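One-letter residues, chain by chain:
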2 protein chains.
Amino acid sequence: MTIVSPPPKAVTLSPDLAARFAAIVGDKHMVTAQQDIAPYLTEERNLYQGYSPLVLRPGSTAEVAAICKLASETRTAIVPQGGNTGLVGGQTPHHGEIVVSLRRLDRIREIDVQSNTMTVEAGVVLATAQQTAADVDRLFPLSLGAEGSCTIGGNLSTNAGGNGALAYGVAREMALGLEVVLADGRVINGLSKLKKDNTGYDLRNLFIGAEGTLGIITAAVLKLFPKPRTVETAFVGLKSPADALKLLTVSQSMASNSLTSFELIARICIEFCVKHGPSIRDPLTGSHPWYVLMEISSPREDARDTIEAILAQAMDEGIIDDAVIAANLDQRKAFWKLREVISPVQKAEGGSIKHDVSVPVAMVPQLIAEANEAVVRLIDGARPFPFGHLGDGNIHYNISQPSGGDQKVFMARWNDVHTVVHGIVARLGGSISAEHGIGVMKREELPHFKDATAIAVMRSLKATLDPLNILNPGKVL
Amino acid sequence: MTIVSPPPKAVTLSPDLAARFAAIVGDKHMVTAQQDIAPYLTEERNLYQGYSPLVLRPGSTAEVAAICKLASETRTAIVPQGGNTGLVGGQTPHHGEIVVSLRRLDRIREIDVQSNTMTVEAGVVLATAQQTAADVDRLFPLSLGAEGSCTIGGNLSTNAGGNGALAYGVAREMALGLEVVLADGRVINGLSKLKKDNTGYDLRNLFIGAEGTLGIITAAVLKLFPKPRTVETAFVGLKSPADALKLLTVSQSMASNSLTSFELIARICIEFCVKHGPSIRDPLTGSHPWYVLMEISSPREDARDTIEAILAQAMDEGIIDDAVIAANLDQRKAFWKLREVISPVQKAEGGSIKHDVSVPVAMVPQLIAEANEAVVRLIDGARPFPFGHLGDGNIHYNISQPSGGDQKVFMARWNDVHTVVHGIVARLGGSISAEHGIGVMKREELPHFKDATAIAVMRSLKATLDPLNILNPGKVL
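Everything in this summary refers to the structure shown in the same document. Given the structure is predicted, the values throughout are model-derived calculations rather than measurements. (Residues numbered from 1 in each chain as written. Chains lettered and ligands numbered in written order. Predicted model: local features only at pLDDT ≥ 70, side-chain atom pairs only at ≥ 80, totals over all residues. Heavy atoms only, no water.)

**Let's talk about the side chain of B:Arg339**
Residue and element names in this part refer to chain B.
Next, step 1: By the element assignment, Arg-339 lies in helix H11 (residues 329-345).
Next, step 2: Polar contacts involving the side chain of Arg-339 include one to the side chain of Glu-263, which spans 2.7 Å.
Next, step 3: Residues in contact with Arg-339, not counting those within four places in the same chain, are Asn-163, Glu-263, Ile-265, Leu-293, Phe-387, Gly-388, His-389 and His-396. (Helix = DSSP H or I, 4+ residues; strand = E, 2+ residues; numbered from the N terminus. Polar contact = N/O pair within 3.5 Å; in protein donor to acceptor, adjacent residues only side chain to side chain. Contact = heavy atoms within 4.5 Å.)

Right under this line is the structure:
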């Protein structure tokens, strides 16, 4: 890991230039006092500490465009930022860049219930987007831990995944159209509501997942879905990731797209949650080596029948050992609460080296087996802590430090462990960043794991769309 | 429309250069006799007639790469071609280019049932891909009229849509990874099976839908889906597109993603089919102004219950006037046969001016109403003939010539009619090419209907990835 915490350098932005940027957003919406800038410079894991002379909070697409135009003219680097919840340092000004916060672009521009679309600005908080959809009896299915503070612009710029991706896809698949400000201030008005549009190159997907390095997404047309009428959630105990994979196959063959979540959880995760989580109970009476949290969502009254049929068949086939279906909404919430605190509770057991990897779904059992063995061989007593979205082949392969060991000594092995685990991932045809992106954290590693021609093409695209390298420089590439 | 049928020009490819290209594929796989080249130069609607001195039929990605490398070195333009079923002249060598046929790249490289993926080469025929999936109890849902001869490479290069897009998405959404040969012969090895991979810019979607102008897709990893256990198909009679839209909303709220097809058909289409189609019967006893062909696919035994519940509710709400559910497979096939011959039977009534447009789903009734009025005002006696994928907002807005009129006189109005209809489409936030692409047919029109900045960015991307303009020159841009 590249932990970037440079010594606070002299901040160099001429008063004249600052005044020109300020004139765009107005004094009220520029932040210059260091104590007010501070929240834009750190992030939740405290891995990165940036520095910046100025935060701009534009209130319209035109203001974002004017900022980019001036930044280009004066070769001033800027870092676009949404809810500042990214986990790879992509939203942090590591080199004293101006931060352009999109949070004030928070309007829901339109909801079209018949076309099943919602046009929102980049600064709309994900939870607000979800609620807005729910208010018109629709579902916006993107869902992830940070949904109370992350923004749609950040979700799209990082192509967020989360718990709903199994049935509904990642963020990329939920956007029909985009409005994007280019490095030189030109604006692409691509707010299309169309499900089919074959009029030229797909610019939309170029900006989605580009982490703000090719353009700044200012608004998007998002897909809405019918709200499920019945949802059933089960906690299942089983013997191995291989059995979990069999359960996945059975579930998909019987439920298809109604299988909306399928999360794999190792026993150690449950133990940490029960020990350290806020009023978390073990969902099953006995202890099992592995667990699956699965959910069926249906537009009809049949989710219960479906989940019962799946579990009955899996029990018959000897795939699962125990299962409980949430009896009510509170129990369902408790299941998901457990899932959500898995990552945070690791802190109580000391340091955690984290991976956000994906492999072909069929390779997940092999990934976990090989990585567990390799990690323990590397660090005696290390505690592999795997969990994640099995249905997407996306495992958050975390490792807690040896019990009672020295946290700093353990965390100093971050790069060693990553090298080993990412090596296994690469050999299995996987990705070193399934959903969190590259940012600065994995930038140095990327060339070792990605096709060289693909990297070369990425560099060409960056040079084409941001020739002066003013948009989030030093991120991704 | 730009009908490109230049006079046969002197074909100028030096024997020396031809020999160098031939050495790559071997004499056996180069085509030089004009009568053998002929099938590569025309297309099914006979709108375009190209000319070419040479057709190369490479047998491997390495051969395609060598062809591109030599083409770049010698600045020789090439036109990639799959099944030659495109409808906008994108696969035709309009300027005497060398044709590079991908048909010999027809291997299924791998099927991974557990990961639900299939890795296929560009020349695999769509129907073969469908059958290959079916053989392992999976569904590859891309489905369109030309599926017996179109190829996966062409489907991806044109981002094909078709009848399954409502539930499963367009071709773009069915590809997880791509292998692409660039203009200079470099190869991007991007055959990823990953559902989540956030390691940099999304190159995949840049090549999908680019109509072979940015690179040549040589292989792809395609998504497979669980095969539905029950499928039910209904033919519904109703009063208006507005009622069809209401039926769509009811259907989606009750069936969600199990609603796998929703096709709108005007009465005149049924009449032409019954009159001219091969043993086509009117599916309903009475006559209705509008029809919907809808299909429910379920992984359980409940498709029948679902479609009956939808139709019952729609009948209760007065949305539909009559409906029949296919009683058996033969009847289901008959319904779809009717849908498939809608476009071909128009020939029996003379000339047809065709549009492939999309608008936001909610705007379809307005599109049809306004276009019908405008077209008849423009050409007295013109017979609007709208049908298509209402669930995707994608209407094939065709117009048959006045009964008994002069075909040539009518067809000469193609551009006038397009101007009027595309103007309405644009005003409603629509697209002038929903699924067929731009090719040469709509190239001149595109700048009138697409965001100018988007076009400028497209041009930059073309210049970056194909600086010598050797890949399918003159298409799209």
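**Things to note about the side chain of A:Ser358**
Next, step 1: Relative to the helices and strands, A:Ser358 resides in strand S17 (residues 357-358).
Next, step 2: The exposure class assigned to A:Ser358 is buried, which follows from its relative accessible area of 0%.
Next, step 3: The residues touching A:Ser358, leaving out its near neighbours within four places in the chain, are A:Gly393, A:Asn394, A:Val425, A:Gly430, A:Ser431, A:Ala434, B:Leu194 and B:Lys196. (Buried < 20%, exposed > 50% of the residue type's maximum accessible area, 1.4 Å probe, protein only.)

**Concerning the environment of A:Gly437**
Next, step 1: Structurally, A:Gly437 can be placed in the loop between helix H14 (414-427) and helix H15 (446-449).
Next, step 2: With 150 residues separating them in the primary sequence, A:Gly437 and A:Ser287 have C-alpha atoms 35 Å apart.
Next, step 3: When residues no more than four places from it in sequence are discounted, the contact partners of A:Gly437 are A:Val88, A:Glu211, A:Lys442 and B:Asn198.

**A closer look at the relation of the copies chain A and chain B**
Next, step 1: With an RMSD of 0.0 Å, the operation that places chain A on chain B is a rotation of 180 degrees combined with a shift of 0.0 Å along the axis. Expressed as an axis order, the relation between the two copies is that of a two-fold axis. Closest approach to the rotation axis within chain A is made by the C-alpha atom of A:Asn205, at a distance of 3.2 Å.
Next, step 2: Residue by residue, 100% of the interface of chain A is reproduced at the interface of chain B, so both copies engage with the same surface. (Least-squares fit on C-alpha atoms with pLDDT ≥ 70 in both.)

**Side note on the pairing of strand S6 (residues 117-121) of chain A**
Residues and elements named next belong to chain A.
Next, step 1: In terms of burial, S6 is a largely internal element, five of the five residues being buried.
Next, step 2: By the alternation rule, side chains of S6 split into Thr-117, Thr-119 and Glu-121 and Met-118 and Val-120, which are all buried.
Next, step 3: As paired strands, strand S5 (residues 108-112) and S6 are joined by four bridges and run antiparallel to one another. Bridging across to S6, Ile-108 finds its partner in Val-120.
Next, step 4: The turn joining S5 and S6, which pair antiparallel and follow one another in sequence, is formed by four residues; a positive phi near 55 degrees is taken by Asn-116.
Next, step 5: Pairing analysis gives five bridges linking S6 to strand S10 (residues 216-223), with the strands arranged antiparallel. Considered in S10, the bridge of Thr-117 is made with Lys-223. (Pairing = 2+ DSSP bridges.)

**Brief notes about helix H1 (residues 15-25) of chain B**
All names here are of chain B.
Next, step 1: By the burial criterion, the buried members of H1 are Leu-17, Ala-18, Phe-21, Ala-22, Ile-24 and Val-25. Each buried residue of H1 sits inside an arc of 150 degrees when the element is viewed along its axis, so together they form one side. Looking at H1, the residues exposed on the side facing more than 90 degrees away from the buried face are Pro-15, Asp-16 and Ala-23.
Next, step 2: Summarising the contacts, the buried residues of H1 are in contact with strand S1 (30-31), strand S2 (55-56), helix H3 (61-73) and strand S4 (98-101).
Next, step 3: Just downstream of H1, Gly-26 is the residue with a positive phi angle, here 90 degrees. (Arc of directions from axis to C-beta.)

**Structural notes on the pairing of strand S13 (residues 259-266) of chain B**
Residue and element names in this part refer to chain B.
Next, step 1: The buried fraction of S13 is high, at eight of eight residues.
Next, step 2: Here S13 runs beside strand S14 (residues 290-298); their pairing, made up of seven bridges, is antiparallel. Pairing of Phe-262 across the sheet is with Met-294, part of S14.
Next, step 3: Two elements, S13 and strand S18 (residues 383-389), share three bridges in a ladder whose sense is antiparallel. Pairing of Ile-265 across the sheet is with Phe-387, part of S18.

**A word on the pattern of salt bridges**
Residues and elements named next belong to chain A.
Next, step 1: By the definition in use, this model includes 60 salt bridges over all chains.
Next, step 2: Notably, a salt bridge pairs Asp-282 with Arg-267, separated by 2.9 Å at the nearest N-O pair. Here Asp-282 is found in the loop between helix H9 (267-276) and strand S14 (290-298), whereas its partner Arg-267 is found in helix H9, with 15 residues between them in sequence.
Next, step 3: For Arg-267, a relative accessible area of 19% translates into the label buried.
Next, step 4: With its nearest N and O atoms 3.4 Å apart, the salt bridge here joins Arg-300 to Asp-302.
Next, step 5: Note on Arg-300: relative accessible area 15%, which makes it buried. (Salt bridge = Lys/Arg side-chain N within 4 Å of Asp/Glu carboxyl O.)

**Comments concerning the sheet that holds strand S6 (residues 117-121) of chain B**
Residue and element names in this part refer to chain B.
Next, step 1: Read from one edge to the other, the open sheet built from five strands follows the order S5-S6-S10-S8-S9, with strand pairing classed as antiparallel. The open sheet has two edge strands with one neighbour each: strand S5 (108-112) and strand S9 (187-190). Adjacent strand axes in the sheet meet at a mean angle of 15 degrees, parallel and antiparallel pairs treated alike.
Next, step 2: In this fold H3 packs onto S5, strand S8 (175-181), S9 and strand S10 (216-223), with an angle of close to 50 degrees to the strand it touches most, S8. (Axes fitted to C-alpha atoms, helices over the stretch in contact; angles between N-to-C directions.)

**Observations concerning the sheet that holds S5(A)**
Residue and element names in this part refer to chain A.
Next, step 1: The strand order S5-S6-S10-S8-S9 describes an open sheet built from five strands, whose pairing is antiparallel. Lying at the two open borders of the sheet, with one neighbouring strand each, are S5 and strand S9 (187-190). Geometrically, the sheet is characterised by an average inter-axis angle of 15 degrees between neighbouring strands, direction not taken into account.
Next, step 2: Contacting S5, strand S8 (175-181), S9 and S10, helix H3 (residues 61-73) crosses the sheet at an angle of about 50 degrees to S8.

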